[in-house]
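Chain by chain, the residues:
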Amino acid sequence: MKIRSVFALSWFLASGFLCSPLLAQQTGTIHGTITDRDGLPLPGVVVTLVSPSLQGTRNAVSSETGQFLVRLLPPGHYRLTASLPGLTTKKLETRVAVASTNRVRIQMEPEGTVEVLTVTADRVAELDSTQVATNFDDDFLEKLPRNRSNLEGVAKLAPGVNSGAFGGVSINGAVATENLFLLNGTLINSDNIRGRADDLFIEDDIEETQIISGNASAEFGFFSGGVVNTITKSGSNEFHGTFRTEVTNNSWTARNPIQLRNDFDPTDTVNKEYTLVFNGPIIKDRLWFAFSGRNFDTDSTFSLYQPSPMSDEAAISLGLEPGQTAPQAEDYNYIRERDRFQLKLTGTLAPGHTLIASYLKDEDTVFNRAVFSSISRSALSERDAWPTEMWTLNYRGIITPEFTIDANFGDRSLTNESGIITDDRVLGTTVVHRDQGWTQSNAPFGNGEVINERASRNWNVKFSYFLNGGFGTHDMTFGVQEVTDMRNEDNHQSATGWSLYPRWTRFEDNEVIGIYTGTGTSGGSAWLVYWPVVNPSKGSDFNTRAVYFNDVWTINPHWYMNLGLRYDRNDTSAEDGQELSKTDNISPRFTLNYDVHGDGVHQFSAGYNKYTGKINDAAQSGSTAGSPAAFYWRYDGPQTESIADVFAWIDANFPGGLAGVESLNRDSLQNEYLFYQNYSPDTSYEALAVVPQEGGLDATSVTEISLGYKHKLGNRGYLKADLIRRDYDDFLVEFIDRGTGQTSFGVDRSILSNDSDHYDRDYLGISLAGQYSWANQITLGGNYTWSEAEGNINGETSGAGGIATSRTTAYPEFNHPRLNPTRRLPESSEHDLNLWASYDLNTGFGDFNFTLLHTWTTGLPYGIGIDLDIESDPTAFGFPSYDDVSYYNSPPTSVWYWATAPDAFKWEDTHATDIAVNYALKLRSRLEFFLQMEVLNVMNNDAQIDGNSSAYADGFEAFDVFSDTPQEGVHYQTATNFGEAQYSSDYQYPRTFRFDIGIKF
């Protein structure tokens, strides 16, 4: 079934609004104060605004209190001209940033003085907001030695942002799935599963990116982490463009220690990425266009997982010779082909009424992709494709100088093609190596016959009114928003639906050989897993609507505050049509700002805010549609290395054989070898293995308390400090206890719930940020964050994205103190530092810019955890016997145990110094040649940032988890290469050279 959302536009138009994409502001505001030389307010002053970013001009008139406010200003540089008969005309230049308010002050002089041109405003825009936000314009990012095509990489330049799971970012202690990424107001989170940004833009087309990490106004919702808001260029009354060729080569990247050890030979291929950005007028001051396109074909060399040799004890127990070896990690070529274009039109329908429309299409195809961790080339997906379309519409209307409307709609759709097509069980079954970091071989993940679909839609209507009363001014906003995520996917785990999990692995040259053993327990035996997609997806509908009111109340030059209230309503259904949520939330927003002298030099702030995220895809854990059922059996046949032998044993020993299993015959499925199942034969309540709590599910929420100080350093720079405390609640968890019962198929039922009692996640961070410029040539800036993120819940994994956690709430009889203790969380980087310096040098043979970026991040924590096989006798570990918990159908056969504190160790700190040399030469008045060269990690530091942290207890003595202290070598053993790197990505990125060349016009 195709996911289409064209109907949404028809519905919206029928509602009386002309709309397009915007959950976040795409414009800025100027709030001005005009006084005479004695500081008294001046009413009736006419203020005219002009800008290359603005079609026509905008005007405002100061009120009795000398105040004026101009909204819906496209980001860019503005000149304000203030005039009043009898007074000298005053001019002022300022820059308007996205989703920000510039608080400018204009002091008028008696007539007779020469016209004054103030080069810059006397306020610093970064300090005149109650939000904790960082804005980066394209000029800054283009000079910086940083990949601009990755929004997560840009976001990590801001304080309070560090690396999160699966390449995402954690903002102020949130999980990576809880951030909101917006492009021109449209949701571009790649999906509702992992929540990463889909980088659907051309770097030279970016106007500005804003990262909001605290004190967010009520206009911003659907997140519990932070907001990354990016807008593209709209054009101007002059033609401008950039043609750029980015040149890279794998051989220009230094080799990390694993690659050096393996004599890694990178592909010596020059990769060229071509981009074109072209914008300008169709009709001056009435209709502009902006076009951007990209052609991107690369051929790169990567390394697979670094295997570990089998221990002598394991080898002897399997009848193998001791001294087993493991080969070096294999290399493979990764090929990516990507073509993209976007067209954006900006038109003035009538004075004060603007319509913006854009369309984007992206074709992204990769070959030889490691979907999950792979130990063999046989697990690489031959071809994956993700074609994407996105279109947006935005209406901005000035009804009166005080009253404006901003209405938006955005729609994005994505399809996914992945995996191979075969019905051969040997060739199409994925093998997962439990003793090799759960890496895969033999066949890739997915089924090539299936095309999956994901889509998102959002709209927003915002009404704003500026009230200039007797007790200050009120910039009030009232709005209605909706965001919808849709997913229509059949999640096949392999081409055949089978996965085999050998307990041990050996190697012959580069051949990966799984060893299938039967010991009578699930811990020591190989696993046989069947993942049938029983019920095809009907398409999920994760919908949240919101109503908000926000007031920026400026009491006087010293005091202003943000007062907001937001109401969110969830209406969510799973891919099987099951209703998951009809819940609602109220989020208050309050931030108070005190300007000591009323001039922006010294400001203090304090905030109390609550945020509620979107319900992510983990809420449909119980959906029987699209999601595979799961049957885990232990292998109990003779030791073998043959996949065909394993299937022959299944066919001979399971009632009804393989045909019975694949036809889902109950006797075939629920045999003596079954130790775990998650299966609902239909969508009736009696059959569902996972059901939502009564009243429906809610999204994760967070309560935030903040303190801040901001200091203006003349007109050249600023310093600011923020303290943010966050307490996360309403985690998505699963409960299984004696009261939850079983399904009609005999599966222990899970109740999917929101919980704040058994799990906790807290964050405390202190950040410092600043920037200073000298003589418009030298700029120094940066930020530092100290943070502490602690708790006992992650809520996401690299493979599944957002998940429902069950570690301490499933089978409480098997809970123990070392199961899930509070610790530093995996995203908890204690120290994060970004420092940059830029120097401009103008010469007779061109203009040079030299920019340096230095980053420092402390290592992330890890510990020794073991999976205890308790199946043969749970009482030996201090747990009740299975007879004592006979009310469960499938009590745990293994239990997790932290042999050390989960944060007992940490990986190495990373230091990196990156350098960029940017050269520009004017060929004509409107034609410029440029060459931009970058060297990343100049010193080629090779800190190890991840590695093997596995350990095992199979074959070792049992111990009482409540009273005994396990000893390594007696009760468990760490892996042979514990603490060592397994992948090239376990090291920080090595020294890399790349350059861009092109023209601007």
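Residues numbered from 1 in each chain as written. Predicted model: local features only at pLDDT ≥ 70, side-chain atom pairs only at ≥ 80, totals over all residues. Heavy atoms only, no water.

Let's talk about the overall build of the chain
Then, number 1: Looking only at helices and strands, one finds eight helices and 59 strands in the chain.
Then, number 2: For the chain, whose C-alpha radius of gyration is 30 Å, the value lies close to the compact-globule estimate of 30 Å for 1001 residues.
Then, number 3: C-alpha extents for the chain along the principal axes are approximately 105 × 60 × 50 Å.
Then, number 4: Out of the 1001 residues in the chain, the part that is buried amounts to 59%.
Then, number 5: A sequence separation of at least 24 residues applies to 74% of the contacts in the chain between residues at least 6 apart.
Then, number 6: A total of about 37,800 Å² of accessible surface is found on the chain, and carbon and sulfur atoms cover 54% of it.
Then, number 7: Looking at charge distribution, the chain has the averaged site of its 74 positive side-chain charges lying 9 Å from that of its 129 negative ones. (Helix = DSSP H or I, 4+ residues; strand = E, 2+ residues; numbered from the N terminus. Rg over C-alpha atoms; globule rule 2.2 N^0.38 Å. Buried < 20%, exposed > 50% of the residue type's maximum accessible area, 1.4 Å probe, protein only. Contact = heavy atoms within 4.5 Å. Areas by Shrake-Rupley, 256 points an atom, 1.4 Å probe, with all protein chains shown as cover. Lys, Arg positive; Asp, Glu negative; His and termini not counted. Charge placed at Lys NZ, Arg CZ, Asp CG, Glu CD.)

Section: the pattern of salt bridges
Then, number 1: Under the defined criterion, the tally for this structure stands at 43 salt bridges.
Then, number 2: When the shortest N-O distance is used, the salt bridge between Asp138 and Lys233 registers 3.8 Å. With Asp138 in helix α2 (residues 138-143) and Lys233 in the loop between β15 (227-232) and β16 (240-249), the pair connects residues that are 95 residues apart, well separated along the chain.
Then, number 3: When its relative accessible area of 7% is taken as the criterion, Asp138 is described as buried.
Then, number 4: Judged by relative accessible area, Lys233 falls into the partly exposed class, the value being 23%.
Then, number 5: Ionic pairing is found between Arg726 and Glu704, a salt bridge with its closest N-O pair at 3.0 Å. Taken as a pair, Arg726 in strand β41 (residues 717-729) and Glu704 in strand β40 (residues 701-713) lie far apart in primary sequence, 22 residues in all. The pair formed by Arg726 and Glu704 is uniform in burial state, with each residue classed as buried.
Then, number 6: Put simply, Asp198, Arg336, Arg338, Arg340, Asp362, Asp364 and Arg412 are held in one network by salt bridges that share partners. (Salt bridge = Lys/Arg side-chain N within 4 Å of Asp/Glu carboxyl O.)

Some thoughts on the packing of aromatic side chains
Two aromatic rings are characterised by how far apart their centres lie and by the angle between their planes.
Then, number 1: Summed over the entire model, instances satisfying the criterion amount to 60 aromatic pairs.
Then, number 2: Judged by centre distance (5.9 Å) and plane angle (15 degrees), the ring pair of Phe631 and Trp633 falls under stacked. The exposure classification of Phe631 matches that of Trp633, with both residues buried.
Then, number 3: Centre to centre, the rings of Phe877 and Phe959 are 6.1 Å apart; their planes meet at 70 degrees, and the pair counts as edge-to-face. (Phe/Tyr/Trp six-rings, centres within 6.5 Å; stacked < 30°, edge-to-face > 60°.)

Focus on the sheet that holds strand β31 (residues 527-530)
Then, number 1: The strand order across the open sheet built from six strands is β25-β24-β28-β31-β37-β38, with neighbouring strands paired in mixed fashion. Bordering the open sheet on either side are β25 (439-441) and β38 (674-678), each of which pairs with just one other strand. Adjacent strand axes in the sheet meet at a mean angle of 20 degrees when their direction is disregarded.
Then, number 2: Judged from the three bridges that link them, strand β24 (residues 430-433) and β25 form a sheet pairing that is antiparallel. Residue pairing across strands places Val432 opposite Gln440, the latter belonging to β25.
Then, number 3: On top of the sheet, helix α6 (residues 643-653) reaches β24, β28 (498-501), β31 and β37 (630-634); it is set at about 110 degrees to β28, its chief contact. (Pairing = 2+ DSSP bridges. Axes fitted to C-alpha atoms, helices over the stretch in contact; angles between N-to-C directions.)

Here we look at the pairing of strand β50 (residues 846-857)
A regular strand places its side chains on the two faces of the sheet in alternate fashion.
Then, number 1: Pairing between strand β49 (residues 831-843) and β50: 12 bridges, direction antiparallel. By the bridge assignment for β50, Asp840 is matched with Asn849.
Then, number 2: Between β49 and β50, which pair antiparallel in sequence order, lie two residues.
Then, number 3: Pairing between β50 and strand β55 (residues 910-924): 11 bridges, direction antiparallel. In the sheet register, Thr855 faces β55, and the bridge partner there is Ala912.

Observations regarding the nonpolar core
Then, number 1: Among the nonpolar cores identified, the biggest contains 38 residues, and Trp498, Tyr516, Leu528, Phe631, Trp633, Ile650 and Phe654 are the most heavily contacted of them.
Then, number 2: Considering each element in turn, this core owes the most residues, five residues, to α6.
Then, number 3: Judged by nonpolar contacts, the second largest core, of 30 residues, contains Val98, Phe223, Ile751 and Ala789. (Core = buried A, V, L, I, M, F, W, Y, C linked by side-chain atoms within 4.5 Å.)

A short note on α6
Then, number 1: Among the residues of α6, those classed as buried are Ile643, Val646, Phe647, Trp649 and Ile650. Projected down its long axis, α6 carries its buried residues within an arc of 155 degrees, all on one side.
Then, number 2: Packed against the buried residues of α6 are β24, β28, β31, β37 and α7 (657-662).
Then, number 3: Its side-chain oxygen 3.3 Å from the backbone nitrogen of Ala644, Ser642 forms the N-cap of α6. (Arc of directions from axis to C-beta. Polar contact = N/O pair within 3.5 Å; in protein donor to acceptor, adjacent residues only side chain to side chain.)

A word on the sheet that holds strand β42 (residues 731-735)
Then, number 1: With respect to topology, three strands assemble into an open sheet ordered β39-β43-β42, the strand pairing being mixed. The open sheet has two edge strands, β39 (690-692) and β42, and neither has a second partner. Between one strand axis and the next, the sheet turns by 35 degrees as a mean value, whatever way the strands run.
Then, number 2: Two elements, β42 and strand β43 (residues 750-755), share five bridges in a ladder whose sense is antiparallel. The residue bridging Glu734 from the neighbouring strand is Leu752, located in β43.

So, a nonpolar patch on the surface
Then, number 1: Residues Phe478, Val547, Phe549, Leu565, Tyr567 and Ile586 make up a contiguous nonpolar surface patch of roughly 520 Å² in combined accessible area.
Then, number 2: Listing elements by their share of the nonpolar patch, those giving two or more residues are β32 (541-554) and β33 (559-573).
Then, number 3: Assignment of secondary structure puts Phe549 in strand β32.
Then, number 4: On the basis of relative accessibility, which here comes to 37%, the residue Phe549 falls in the partly exposed class. (Patch = residues over 30% accessible without salt bridge, like charges linked within 9 Å, V, L, I, M, F, W, Y side chains within 5 Å.)

Concerning unusual backbone geometry
Then, number 1: A positive phi angle, near 60 degrees, is found at Trp438, a position not held by glycine.
Then, number 2: In this structure, Trp438 sits in the loop between β24 and β25.
Then, number 3: Given the relative accessible area of 45%, Trp438 is considered partly exposed.
Then, number 4: The backbone of Asp730 shows a phi angle near 60 degrees, a positive value even though the residue is not glycine.
Then, number 5: With respect to the helices, strands and loops of the structure, Asp730 is situated in the loop between β41 and β42.

Some thoughts on the side chain of Ser381
Then, number 1: Tracing the backbone through its elements, the reader meets Ser381 in strand β21 (residues 381-385).
Then, number 2: A polar atom in the side chain of Ser381 sits 2.5 Å from the side chain of Asp384.
Then, number 3: Ignoring anything within four residues of it in the chain, the contact list for Ser381 reads Phe367, Asn368, Arg369, Val371, Ser418, Gly419 and Pro444.

Thoughts on the confidence of the model for the chain
Then, number 1: Put simply, the chain has an average pLDDT of 91, and 96% of its residues get 70 or more.
Then, number 2: The low-confidence segment residues 1-22 (pLDDT under 50) makes 65 contacts with residues lying over four places distant or belonging to another chain. (pLDDT = per-residue confidence, 0-100.)

Quick word on the side chain of Ser53
Then, number 1: Structurally, Ser53 can be placed in the loop between β2 (46-50) and β3 (58-61).
Then, number 2: Only 3.1 Å separates the side chain of Ser53 from the backbone oxygen of Pro75, close enough to count as a polar contact.
Then, number 3: Not counting chain neighbours up to four residues away, the residues in contact with Ser53 comprise Pro74, Pro75, Gly76, Tyr78 and Trp288.

Some thoughts on the environment of Ala769
Then, number 1: Along the chain, Ala769 falls in strand β44 (residues 761-774).
Then, number 2: Using a relative accessible area of 13% as the deciding quantity, one classes Ala769 as buried.
Then, number 3: Through-space distance from the C-alpha of Ala769 to that of Thr134 is 9.5 Å; in sequence the pair is 635 residues apart.
Then, number 4: Leaving out residues up to four positions away in the same chain, Ala769 has contacts with Pro159, Tyr718, Leu719, Lys720, Gly782 and Asn783.

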